[in-house]
Amino acid sequence: VKWKGKDLFDLVCRTLGLRETWFFGLQYNIKDTVAWLKMEKKVLDQEVPKEEPITFYFIAKFYPENAEEELVQDITQHLFFLQVKKKILEEEIHCPPEASVLLASYAVHAELNVASYASFVNASLFLAPVQVINLYQMTAEMWEERITACYAEHRGRTRDEAEMEYLKIAQDLDMYGVNYFLIRNKKGTDLLLGVDALGLHIYEPDNRLTPKCSFPWNEIRNISYSDKEFTIKPLDKKTNVFKFNSSRLRVNKLILQLCIGNHDLFMRRRRVDSLEVQQMKAQAREERARKQVERQRLQREKQLREEAERARDELERRLIQLQDEAHMANEALLRSEQTADLLAEKAQIAEEEAKLLAQKAAEAETEMQRIKVTAIRGQEERRLMEQKMLEAEMLALKMAEESERRAKEAEQLKQDLQEARDSERRAKNKLLEITTAPGGMPQELSFSRENLSFDFKDTDMKRLSMEIEKEKVEYMEKSKHLQEQLNELKTEIESLKLKERETSLDIIHNQNTEQGTSKQSNFKKVTALCL
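Parameters and conventions
Residues numbered from 1 in each chain as written. Predicted model: local features only at pLDDT ≥ 70, side-chain atom pairs only at ≥ 80, totals over all residues. Heavy atoms only, no water. Pairing = 2+ DSSP bridges. Helix = DSSP H or I, 4+ residues; strand = E, 2+ residues; numbered from the N terminus. Axes fitted to C-alpha atoms, helices over the stretch in contact; angles between N-to-C directions. Contact = heavy atoms within 4.5 Å. Patch = residues over 30% accessible without salt bridge, like charges linked within 9 Å, V, L, I, M, F, W, Y side chains within 5 Å. Areas by Shrake-Rupley, 256 points an atom, 1.4 Å probe, with all protein chains shown as cover. Salt bridge = Lys/Arg side-chain N within 4 Å of Asp/Glu carboxyl O. Lys, Arg positive; Asp, Glu negative; His and termini not counted. Charge placed at Lys NZ, Arg CZ, Asp CG, Glu CD. Buried < 20%, exposed > 50% of the residue type's maximum accessible area, 1.4 Å probe, protein only. UniProt positions renumbered as here; feature names shortened; annotations may be inferred. Parallel < 35°, antiparallel > 145°, perpendicular 65-115°, else oblique. Left-handed = near helix turned anticlockwise from the far one by under 90°. Nonpolar A, V, L, I, M, F, W, Y, C, P; charged D, E, K, R; others polar. Phe/Tyr/Trp six-rings, centres within 6.5 Å; stacked < 30°, edge-to-face > 60°. Core = buried A, V, L, I, M, F, W, Y, C linked by side-chain atoms within 4.5 Å. Expected span 1.5 Å × (residues − 1). Arc of directions from axis to C-beta.

K.L.:
What's the story with the sheet that holds strand β7 (residues 213–216) in this structure? I'm lost.
P.N.:
Strand pairing in a sheet is mediated by backbone hydrogen bonds. Such pairs are either parallel or antiparallel. With antiparallel pairing, the seven strands of this open sheet are ordered in space as β7-β6-β5-β4-β10-β9-β8. Unpaired on one side and paired on the other, β7 and β8 (220–226) mark the two borders of the sheet. On average, each strand axis in the sheet is tilted by 30 degrees relative to the strand beside it, whichever way the strands run. The strands touched by helix α9 (residues 249–269) are β4 (179–185), β5 (190–195), β6 (199–203), β8, β9 (229–234) and β10 (242–246); relative to β8, the strand with the most contacts, the crossing angle is about 160 degrees.

Here is the structure:
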């Protein structure tokens, strides 16, 4: 009951392990507006809601100018990532379609952080603003395809790196980090006052992207209010004082709180860091270096493991290949043996047939001689005998020719048998070479974790430091690549846009893009106009 706002705030920060507390605050709803819990007053003495439990929102109250340079702790970066993503999805920050696709790919990588994601269609719908999705004639699968293409380029990044890339893109959006308040100038014209890390900005009510006029913090001498009237006094006394009225006194108090806090941080960034911040940054650098070394070690282990697996797969493939060759050689040897046996059998049969024919030819010759002897018995018998003798001679001649042909066939079969035996001998020699040659079939494949171990020395740390410095030099090239990527995404989906669904902010953003203006160039331009 006696706690002050700082007691509750410090408890939350300690619970989160947060040290960069100056960006955050505890917000609560009061009537039709919001308020921030004051640190120096008791909680229950402030205008907090009377119902119980009292709900406070721990959120970022002030935004950094450059997230990569200012956000030191990973938890700080993560909290900003969650808050900015929520504002973009709820369309509190206007985001063009091409940037939405790229941001969605980083959000998928940061939140899912998996190599493949089966429910990506649903994820993509929750990681891009509804207005952007409705603006194009594209199905969920078409959005998935484009987000997946961007996501594929982020492989190898950690969650922290993906969140930082998200913030680096988001901080260039026109409405990033701006708190808007409805005001009226001395003429009674409705305007919007924007308060952010760079200064105060005046907008038309229907154009929250391009300010009419801006007051940088370093050019403001004094800010004050009296009742509902708010006064901005520029540093240059020749410049007119800007006055406006807000809807109620409570709003003026809120505006003043944000002005004081943003101005203090603006000046603090331009001074030497405090000892606490220097220590935090040194610890953060050491932690990043340690993580980088650990990441490189894991990548090296992964690389060695993959190389070992590839070597094992190659040896297994070679083993299978040699086994196939041995199997084929065995089959060839078996076929050669079978062929040799068959040819030997045929040769034996041909030889026996040749002997049988020779025997028949001899018998025919004997019969012919007998016929000649008995031919003298008579003219008629002689004529008949001559005829039979002629037939016997023809038969004998035929038998002799057949015998000669069979002899030649037997000789050819002997040659084929000899060739088959030679083929059998060669097949056996080849099988012997496969099974006994050096580097032949491996007997055993073994891998040990000791082969994957390695040592990091001081030279690795020096080389890592040089790589970190090199990354700074490559920053401009990455920014150029990012812009090209955004332009390419815009070109791809431009033909599917439904013009009738464009909001006024979409139209203003397109006009600014065609004119080549950006958040930074607008700020410089309107600042010069105000002065």
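Anyway, onward from the coordinates.
K.L.:
Hey, could you run me through a positive patch on the surface in this one?
P.N.:
On the surface, Lys186, Lys187, Arg221, Lys233, Lys237 and Lys243 cluster together into a patch of positive charge. Mapped onto the secondary structure, Arg221 falls in strand β8. Its relative accessible area of 42% is what places Arg221 among the partly exposed residues.

K.L.:
I keep staring at the pattern of salt bridges and nothing clicks. Help me out?
P.N.:
Pairing is possible between side chains of opposite charge, provided their charged atoms come close. Under the definition given, this model contains 23 salt bridges. Glu68 is the salt-bridge partner of Lys168, the closest N and O atoms lying 3.6 Å from each other. With Lys168 in helix α8 (residues 159–170) and Glu68 in helix α2 (residues 67–70), this pair connects stretches of sequence that are 100 residues apart. For Lys168, a relative accessible area of 12% puts it in the buried group. Taken together, the salt bridges that share partners define one network made up of Asp74, Arg159, Asp160, Glu163 and Lys291.

K.L.:
Sorry, what's going on with the UniProt feature "binding site: a 1,2-diacyl-sn-glycero-3-phospho-(1D-myo-inositol)" (unreviewed entry) in the chain here?
P.N.:
UniProt feature "binding site: a 1,2-diacyl-sn-glycero-3-phospho-(1D-myo-inositol)" (unreviewed entry): in the numbering of this structure it lies at Lys38, Met39, Glu40, Lys41 and Lys253. The exposure class assigned to Lys38 is partly exposed, which follows from its relative accessible area of 34%. Setting aside residues no more than four positions away along its own chain, Lys38 makes contact with Gly5, Gln46 and Gln257. By the secondary structure assignment, Lys253 is in helix α9.

K.L.:
Could you clarify how one ought to interpret the packing of helix α3 (residues 74–89) against α8 in this entry?
P.N.:
Working note: a packed helix pair is described by the angle between its axes plus the distance between those axes. Packing of α3 against α8 leaves a shortest axis separation of 9 Å and a crossing angle of 50 degrees. As judged from the angle between their axes, α3 and α8 are oblique. Here the hand of the crossing between α3 and α8 comes out left-handed. Counted together, Asp74, Gln77, His78, Phe80, Phe81, Val84, Lys85 and Ile88 of α3 and Arg159, Asp160, Glu163, Met164, Tyr166, Leu167 and Ala170 of α8 form the full contact between these two elements. Residues of the contact of α3 with α8, tallied by class, amount to eight nonpolar, two polar and five charged.

K.L.:
Please explain the packing of aromatic side chains as it appears in this structure.
P.N.:
Aromatic ring pairs are defined here through the distance separating the ring centres and the angle between the ring planes. Summed over the entire model, instances satisfying the criterion amount to 14 aromatic pairs. Ring centres of Tyr63 and Tyr176 lie 5.2 Å apart, and the angle between their planes is 75 degrees; this geometry places the pair in the edge-to-face category. With a gap of 113 residues between them, Tyr63 in the loop between β3 (57–60) and α2 and Tyr176 in the loop between α8 and β4 connect regions that are remote in the sequence. Summarising the burial analysis for this pair, Tyr63 and Tyr176 share the class buried. Between Phe81 and Tyr166, the ring centres sit 5.0 Å apart and the planes meet at 80 degrees, which makes this aromatic pair edge-to-face.

K.L.:
Looking at this structure, I do not really get the nonpolar core. What am I missing?
P.N.:
In a soluble, globular protein the nonpolar side chains are often hidden away together inside. Core analysis: the largest hydrophobic core is formed by 85 residues, its most contacted members being Ile88 and Leu200. Residues in contact with Leu200, not counting those within four places in the same chain, are Leu193, Gly194, Val195, Cys213, Ser214, Phe215, Trp217, Ile220, Ile223, Ile232 and Cys259. Among the nonpolar cores identified, the runner-up in size contains seven residues, and Leu343, Ala347, Leu413 and Ala420 belong to it.

K.L.:
Which parts of the structure should I look at to understand the pairing of strand β1 (residues 24–30)?
P.N.:
Successive side chains on a regular strand alternate, one facing one side of the sheet and the next facing the other. With six of its seven residues buried, β1 lies for the most part within the structure. As paired elements, β1 and β3 share four bridges and run antiparallel to each other. Bridging across to β3, Leu26 finds its partner in Phe58. The pairing of β1 with strand β2 (residues 33–36) spans four bridges and is classified as antiparallel. Bridge pairing in β2 places Asn29 opposite Val34. The antiparallel pairing of β1 with β2 creates a hairpin that spans two residues between the two strands, and Lys31 there sits at a positive phi of about 55 degrees.

K.L.:
Help me out: how do you make sense of the sheet that holds β2 in this one?
P.N.:
Read across the open sheet, the three strands follow the order β2-β1-β3; overall the sheet is antiparallel. Among the strands making up the open sheet, the edge pair consists of β2 and β3. The mean angle between the axes of side-by-side strands here comes to 45 degrees, regardless of whether they run parallel or antiparallel. In the packing of α3 onto the sheet, the strands contacted are β1 and β3, and the crossing angle to β3 comes to about 100 degrees.

K.L.:
I tried to follow the environment of Leu37 on my own but got confused; where do I start?
P.N.:
With respect to the helices and strands, the residue Leu37 is situated in the loop between β2 and β3. In sequence terms Leu37 and Phe9 are 28 residues apart; their C-alpha atoms lie 8.9 Å from each other. For Leu37, the residues in contact, after removing those within four places along its chain, are Gly5, Leu8, Leu26, Tyr28, Val43, Gln46, Val48 and Phe56.

K.L.:
Honestly, helix α1 (residues 5–16) in this entry has me stumped. Any pointers?
P.N.:
Side chains that are three or four residues apart share a direction in an α-helix, a result of its 3.6 residues per turn. Along its twelve residues, α1 runs 17 Å from first to last C-alpha, staying within 8% of the 16 Å computed at 1.5 Å per residue. Of all the positions in α1, only Gly5, Phe9 and Cys13 are classed as buried. Relative to the axis of α1, the buried residues are bounded by an arc of 55 degrees and lie together on one face. Opposite its buried face, α1 presents the exposed residues Arg14 and Thr15, each directed more than 90 degrees away. Where α1 terminates, the next one or two residues include Gly17, which has phi positive at roughly 70 degrees.

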